[in-house]
Structures are given as structure tokens and as C-alpha cells.
Amino acid sequence: MTRTENNHNGSDETQKTKLSFEDADESMYDGGDNNADVADDITSADYYFDSYSHFGIHEEMLKDVVRTKCYQDVIYKNKFLIKDKIVLDVGAGTGILSLFCAKAGAAHVYAVECSQMADTAREIVKSNGFSDVITVLKGKIEEIKLPIPKVDVIISEWMGYFLLYENMLDTVLYARNKWLVDGGTVLPDKASLYLTAIEDAHYKDDKVEFWDDVYGFDMSCIKRKAITEPLVDTVDGNQIVTDSKMLKTMDISKMASGDASFTAPFKLVAQRNDHIHALVAYFDVAFTMCHKKMGFSTGPKSRATHWKQTVLYLEDVLTICEGETITGSMTIAQNKKNPRDVDIKLNYSLNGQHCKISRTQLYRMR
């Protein structure tokens, strides 16, 4: 199996997140050393916007053809949504979505970007001759003042790893509630989170058994955390053992902020006899206001995106037969100390011919 792993370290500026977990016997939202928590909070919260000042992360996103071409097609092939409209671009980055809207005939576009990239976006807008159509505003959506009371369209690429990491959705909802006219358009307007299960023996063994003998030393005490450390990674579609189940669909045009925290039951049915080592989460995004519904998927069987998939390794290896089911629930919530982080609580059970297990695992994306 070929695996393209994200290296979660501070020097890789194209990474949006680092994933870690809290043991199942600890509180879902608390626990651990307080000083470490403070350090983590500073890293995640205070440097969040600064991370988007680096060009590397924007290059990665712009080169994500699935992502960027979808937005371009939505705008260019559905100009009736944009032409002569006032548009608000939330988290504009380099301003690419604003440029698409300006070219599609928007009356005016307000591009809001909190990072230092706002200055670069303003230069890009000027270089392309759209300064009279696009106004770049530097600051947080929650703090800026628009020169107009309402906008007709809100567009944003707010999705994070596991769909909800970074909690930028709350910013979009804030903008919607404050500035969008009644009957206005939110692009995209639908997002769905899915779950499936995979076989991943070789990679899991490589990550776990390594700790038994590290240059001649026993570090097996790290095993449990190594097993349950989530990865943002590319999964081969051939690894999928079960069907996929939708955990949640969110209507961005109507939902409340609290709706992004939820508990969803799931039932995954095995499609073949195999062993299961991890559950995998991915998301789809839809633009249903288009003349013809458009969107994209970040699933393992779809064309790869920079979001990849989120792999949640299980402490147990589940031996499963075709037709048997893994049942359980997943609880997703903003971390109380840092709302940009996501706490995940996974309950799962298998009552099969060769394997009977019931367990709870906790993860934290930060």
C-alpha cells in the first residue's frame, strides 16, 4: 500500500493542523498538564491567522484543482448568482474567489482577510485591474465594519480538515447573520460529513510495532498513543472494507452555530471478510443554488484534494465478516479552551462471529 503521510511539524507551512488524542479515561474536554494546554492554546489560537500569511499554504490550496476549479465553475457557469450583486468573500486569502466574482460581473466584492495576506491580495487585485470592483478589508469578520448594510452573496472556502477543524464555519455564520439580505445566497450552502472503515495492517504495524525496539531500546509505553493518533492522510479506495454512512448534513444558509457540535449514530456494514484497523472521515460540499447542482467530495474514491481524509486508528483490530456491522456513535464538539480545535468522541461495537468488542476512544484535532 502506498501512503502519503502528512508530517505534522511546525516547519511544514502547508499543514493546517496537527492531530492528537486524549485517552478515553480522561475528560473529553479537560485533563493533562495545564501549562501544556496553555502552550497548545497559544499555538492554535494566537498563530492561526499568522499561518495563513505564508505563501506555501495558499499555493497548496490554489493548486488543489478539485477545490479551486469547482468554485470557478460555480461562479462562471452560474453568473446569475453573482452578476450585479454585492458579494462578501469571507477569508479571502489571495483573493481568488473575489477575482472570479469580479470577472463574473459582480457589482462589488468585499474581500475580508485577517492575515498579512490581505496586503498581498490588495496588490493582486490592483495588478489585475479590479480595484474598482474589489475592496480588500484587513481584519476579523467579527470586528470589521462594512461600508454597506447588507450583501447579496456570501462566498467562502471555510472547510477544514475533518470539515470542522479551525471552526471557520462560525465566522461564515456570523457574517450571514449580520450582513446577508433576506433570501440571499451562501456559497457553498451544503456540507456533509461521512464515515467508513478501512484495512490498514501494514501502515498501522509500522507505526505501532516500531516502538517495541527503537535503536535497541524498549519504548512500547508509547504504543497506545501511537495506535490512536489520528492522521490527515490519503487513503486508497481499495482499503475500504465497509459501506459509508453520512454522519451529518449542514445547511449553511439556515443552520445555527451550535449545530456544528453534535452526536451522530452510525452503522457500517462490511462488504467483505477482512480486518479493520481504522475509521475514516471525509466530507462532501454542494452548491445547490446553481442551475445544476455542483460540488465535490473529499472521499477516498474521489480525486485527491489537499484535505485528504482523516484517519482515526482503533485500539483494536476488528475481524469482520461480510454483512456484519460496526455500530456506534461519534460526538463532535468545539474544544472549550480553544474553539478552533475539535474534540471527537468515538463509541463503537462489533458483535461478530470472530470478534466481539465495545470501546470508547477520544481524539482531539489541534
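This text goes with the structure placed above it.
Please read these numbers as outputs of a predicted model, since none were measured by experiment.

Parameters at a glance
Residues numbered from 1 in each chain as written. Predicted model: local features only at pLDDT ≥ 70, side-chain atom pairs only at ≥ 80, totals over all residues. Heavy atoms only, no water. Helix = DSSP H or I, 4+ residues; strand = E, 2+ residues; numbered from the N terminus. Buried < 20%, exposed > 50% of the residue type's maximum accessible area, 1.4 Å probe, protein only. Contact = heavy atoms within 4.5 Å. Axes fitted to C-alpha atoms, helices over the stretch in contact; angles between N-to-C directions. Parallel < 35°, antiparallel > 145°, perpendicular 65-115°, else oblique. Left-handed = near helix turned anticlockwise from the far one by under 90°. Pairing = 2+ DSSP bridges. Salt bridge = Lys/Arg side-chain N within 4 Å of Asp/Glu carboxyl O. 1 Å grid on protein atoms, 1.4 Å probe; cavity = no way out; pocket = protein on both sides within 12 Å on 5 of 7 lines; lining within 4 Å. Points joined across faces, edges and corners; volume = space filled by probe spheres on them. Phe/Tyr/Trp six-rings, centres within 6.5 Å; stacked < 30°, edge-to-face > 60°. Polar contact = N/O pair within 3.5 Å; in protein donor to acceptor, adjacent residues only side chain to side chain.

**Let's talk about the overall build of the chain**
For the chain, the helix and strand inventory stands at nine helices and 16 strands. For the chain, the proportion of its 366 residues judged to be buried stands at 53%. A sequence separation of at least 24 residues applies to 77% of the contacts in the chain between residues at least 6 apart.

**So, the packing of helix H4 (residues 65–76) against helix H5 (residues 96–103)**
Interhelical geometry of H4 versus H5 gives an angle of 25 degrees and a closest axis separation of 9 Å. Here H5 runs roughly parallel to H4, going by the angle between their axes. Considering only the axes of H4 and H5, their crossing is right-handed. For the pair H4 and H5, the contacting residues are Thr68, Tyr71, Gln72, Ile75 and Tyr76 in the first and Ile96, Leu97, Phe100, Cys101 and Lys103 in the second.

**Comments concerning the sheet that holds strand E3 (residues 108–113)**
Read from one edge to the other, the open sheet built from five strands follows the order E4-E3-E2-E5-E6, with strand pairing classed as parallel. Two strands lie at the open edges of the sheet, namely strand E4 (134–138) and strand E6 (180–187), each paired on one side alone. Each adjacent strand pair in this sheet contributes to an overall mean axis angle of 20 degrees, direction not counted. Pairing between strand E5 (residues 151–156) and E6: four bridges, direction parallel. Bridged to Ile155 within E6 is Leu187. Helix H6 (residues 117–127) rests against E3 and E4 of the sheet, and its axis sits at about 170 degrees to E4.

**Points about the pattern of salt bridges**
Using the criterion set out here, one finds eleven salt bridges in the structure. Notably, a salt bridge pairs Asp73 with Lys69, separated by 2.9 Å at the nearest N-O pair. With a gap of four residues between them, Asp73 and Lys69 both fall in helix H4, about one helical turn apart. Residue Asp341 pairs with Arg364 through a salt bridge whose shortest N-O separation is 2.7 Å. With Asp341 in the loop between strand E14 (325–334) and strand E15 (342–351) and Arg364 in strand E16 (residues 356–365), the pair connects residues that are 23 residues apart, well separated along the chain. Both residues of the pair, Asp341 and Arg364, belong to the buried class. Several salt bridges share partner residues, and in doing so they unite Asp119, Arg122 and Lys138 into one network.

**Topic: empty space enclosed by the protein**
Following the criterion strictly, the structure yields three cavities of 30 Å³ or more and no others. Considered as a void within the structure, the largest cavity measures approximately 70 Å³ in volume.

**A look at the packing of aromatic side chains**
Two aromatic rings, taken as a pair, are described by how far apart their centres are and by the angle between their planes. Considering all chains together, one arrives at six aromatic pairs under this definition. Taking 5.2 Å as the distance between ring centres and 85 degrees as the angle between the ring planes, the aromatic pair formed by Tyr71 and Phe287 counts as edge-to-face. One end of the pair, Tyr71, is in helix H4; the other, Phe287, is in strand E11 (residues 274–287), with 216 residues separating them in the sequence. Taken together, a centroid distance of 5.4 Å and an interplanar angle of 75 degrees make the contact between Phe283 and Trp307 edge-to-face. Taken as a pair, Phe283 in strand E11 and Trp307 in the loop between strand E12 (294–297) and strand E13 (309–320) lie far apart in primary sequence, 24 residues in all. Under the relative-accessibility criterion, Phe283 is labelled buried at 2%. Taken together, Phe283, Phe296 and Trp307 form an aromatic cluster joined through their ring pairs.

**Concerning the environment of His306**
Along the chain, His306 falls in the loop between E12 and E13. Using a relative accessible area of 5% as the deciding quantity, one classes His306 as buried. The spatial distance from the C-alpha of His306 to the C-alpha of Asp64 is 6.2 Å, given a sequence separation of 242 residues. Among the polar contacts listed, one links the side chain of His306 to the side chain of Asp64, at a separation of 2.6 Å.

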